[in-house]
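Fold and contact review
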Amino acid sequence: MHDYCIRTATPDDLDGARAVMLDTVYRDFGTGYVPRWHGDIIDPVSAYLAPARHTLLVAVDERDASVVATAALDSRGPLHPPNPRQVAERYPSGATAQLRRVYVRQGHRRRGLARRLVSELLAFAAADGGYRAVYLHTDPAVAGAEGFWRSLGEVVHDEREGAGGGQGVLHFEVPLTR
């Protein structure tokens, strides 16, 4: 049985958090590191720790103090392009809490870590008082992603239904208060 500590990332956690994120984009997504999409992974301080309305959470395995999961929130709405115009207009920066980098190492999945991390992010967003919506997008090709997010929120746009399938991305809104 593993015990995990969910907490706001500290500078000492950043190497472990980066490793979880990079492993995910290489192994699960198959894209590898793409600077225009993943700059926040390399510089999480500027992306999540320095801005007051942003945060990066980690789940730490208490047996060995290793970071095994991450989850982040920022106040940047989805941009158009690459996201559909109607999604970008519905979720403007500043009023939108965007969930990002909800990643769990494979050997620690199915233990409720992602759900606990998201719950903490939603509490953070609610306490901020300035967010009117919580948004995220996910790749439904990633095993378990679509089902997980459907259990927490509502699909507001499915790119697979459009002409040409767009990027195949699912866009979700998650209730601000859970």
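In what follows, the accompanying structure is described. (Residues numbered from 1 in each chain as written. Predicted model: local features only at pLDDT ≥ 70, side-chain atom pairs only at ≥ 80, totals over all residues. Heavy atoms only, no water.)

Okay, the overall build of the protein next. Counting its regular elements, the protein contains six helices and seven strands. Secondary structure elements in the protein, listed N-terminal to C-terminal, are β-α-α-α-β-β-α-β-α-β-α-β-β. In terms of C-alpha radius of gyration, the protein reaches 15 Å, essentially the compact-globule figure of 16 Å for 178 residues. Taking the principal axes of the C-alpha coordinates as reference, the protein spans close to 50 × 35 × 30 Å. A buried classification covers 46% of the 178 residues belonging to the protein. Considering only contacts within the protein whose residues lie at least 6 apart along the sequence, 64% involve residues at least 24 apart. Accessible surface, the protein as shown: approximately 9,000 Å² in total, 50% of it carbon and sulfur. On the protein, the mean spot of the 21 positive side-chain charges and the mean spot of the 22 negative ones are 2 Å from each other. (Helix = DSSP H or I, 4+ residues; strand = E, 2+ residues; numbered from the N terminus. Rg over C-alpha atoms; globule rule 2.2 N^0.38 Å. Buried < 20%, exposed > 50% of the residue type's maximum accessible area, 1.4 Å probe, protein only. Contact = heavy atoms within 4.5 Å. Areas by Shrake-Rupley, 256 points an atom, 1.4 Å probe, with all protein chains shown as cover. Lys, Arg positive; Asp, Glu negative; His and termini not counted. Charge placed at Lys NZ, Arg CZ, Asp CG, Glu CD.)

End to end, helix α5 (residues 113-128) covers 23 Å across 16 residues, agreeing with the expected 22 Å (1.5 Å per residue, within 8%). Here α5 has its buried residues at Leu-113, Ala-114, Leu-117, Val-118, Leu-121, Leu-122 and Ala-125. Angular distribution of buried residues about the axis of α5 spans 165 degrees; they occupy a single face of the element. Positioned one or two residues after α5, Gly-129 has a phi angle of 80 degrees, which is positive. (Expected span 1.5 Å × (residues − 1). Arc of directions from axis to C-beta.)

The N-to-C vectors of helix α1 (residues 14-28) and helix α2 (residues 35-42) enclose an angle of 155 degrees; their axes lie 9 Å apart at closest approach. Relative to α2, the element α1 lies roughly antiparallel. Where α1 abuts α2, its residues Arg-18, Met-21, Leu-22 and Val-25 lie against His-38, Ile-41 and Ile-42. Counted by class, the contact of α1 with α2 contains five nonpolar, one polar and one charged residues. (Axes fitted to C-alpha atoms, helices over the stretch in contact; angles between N-to-C directions. Parallel < 35°, antiparallel > 145°, perpendicular 65-115°, else oblique. Nonpolar A, V, L, I, M, F, W, Y, C, P; charged D, E, K, R; others polar.)

Of all nine residues that make up strand β4 (residues 96-104), nine are buried, and the element is covered over most of its length. One ladder, built from five bridges, connects strand β3 (residues 66-74) with β4; its direction is antiparallel. Looking across to β4, one finds that Ala-69 is bridged to Val-104. As paired strands, β4 and strand β5 (residues 133-138) are joined by three bridges and run parallel to one another. The partner of Ala-97 across the bridge, within β5, is Val-134. (Pairing = 2+ DSSP bridges.)

Relative to the elements of secondary structure, Gly-166 occurs in the loop between β6 (154-158) and β7 (170-174). Taking the relative accessible area as the measure of exposure, Gly-166 reaches 61% and is therefore exposed. Sequence-wise, Gly-166 and Pro-84 are 82 residues apart; in three dimensions their C-alpha atoms are separated by 8.6 Å.

Helix α6 (residues 145-152) packs onto α5 with a crossing angle of 40 degrees between their chain directions and a minimal axis gap of 12 Å. Classified by the angle between their axes, α5 and α6 sit oblique to one another. The interaxial crossing formed by α5 with α6 has right-handed handedness. Across the interface between the two elements, Ala-114, Arg-115 and Val-118 of α5 pack against Phe-148, Trp-149, Ser-151 and Leu-152 of α6. (Left-handed = near helix turned anticlockwise from the far one by under 90°.)

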